[in-house]
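# Structure assessment
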Amino acid sequence: ITGSDKNYPQVLSGNPKSVWIMDSGFDALILHDMALRQHKEPPTVIIASGADISACLKNQEVIHKIKSADNFILAKERAEDPAKQFVIDQNYSKQALKIKQLTGKEAGFYTPPENVKNMAEYNKAQIEAQKEIARKNRGMELER
């Protein structure tokens with residue numbers, strides 16, 4: 001949120017053993033929805049309010065959540081331009097190093113599949129695929 005103190009990020013509660021840091025609350029809600037659709041427990045999501053997560057790493061509660069997790073993921077978006085993607089990847093690598101120094105934890109990375117920019121597009125593609133499967137299944141039932 002513009003003008004907010006990013007030292008105190010929003011947190012969407014979930015499985016404390018799986019912690020993700022994401023850019024937006026919108027992406028966090030989508031991640032929870034995708035997990036629930038797969039009958040999985042959603043992770044805890046720390047909402048960094050932007051790609052630069054440095055401010056939230058000053059918060060001891062955030063550091064504790066990362067240290068306590070078995071699985072820690074930094075979620076990235078996919079840039080359309082390879083040069084921009086290179087810069088994004090470099091920035092996230094620097095942030096992962098900072099996390100390692102603060103917590104002793106190696107960060108995993110999530111980047112959406114090829115030709116998908118962000119979680120919203122990925123979620124939409126999954127829903128469309130499920131609708132298509134349901135349509136095909138209804139068609140097979142009508143043929144019987």
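Preceding this section is the structure that the text describes.
A brief look at the structure comes next. Predicted model only: the values in this text are computed from it and were never measured. (Residues numbered from 1 in each chain as written. Predicted model: local features only at pLDDT ≥ 70, side-chain atom pairs only at ≥ 80, totals over all residues. Heavy atoms only, no water.)

Next up on the list: the pattern of salt bridges. One pass over the structure, following the stated rule, counts eight salt bridges. Lys117 is the salt-bridge partner of Glu77, the closest N and O atoms lying 3.1 Å from each other. Residue Glu77 is located in the loop between β4 (71-75) and α3 (82-103), and its partner Lys117 is located in the loop between β5 (108-110) and α4 (119-143); the two are separated by 40 residues in the primary sequence. A salt bridge links Glu106 to Lys100, with the shortest nitrogen-to-oxygen separation between them at 3.2 Å. Relative accessible area serves as the criterion here: at 59%, Glu106 is assigned to the exposed category. A residue is classified by how much of its surface remains accessible, and Lys100, at 34% relative accessible area, is partly exposed. (Salt bridge = Lys/Arg side-chain N within 4 Å of Asp/Glu carboxyl O. Helix = DSSP H or I, 4+ residues; strand = E, 2+ residues; numbered from the N terminus. Buried < 20%, exposed > 50% of the residue type's maximum accessible area, 1.4 Å probe, protein only.)

The backbone of His39 sits at a positive phi, close to 60 degrees, despite the residue not being glycine. In this structure, Asn115 takes a positive phi of about 65 degrees despite not being glycine.

With 13 residues, helix α1 (residues 25-37) should reach 18 Å at 1.5 Å per residue; the first-to-last C-alpha distance of 18 Å fits that figure. Listed as buried for α1 are Asp27, Ala28, Ile30, Leu31, His32, Met34 and Ala35. Once α1 ends, the next one or two residues include His39, with phi positive near 60 degrees. (Expected span 1.5 Å × (residues − 1).)

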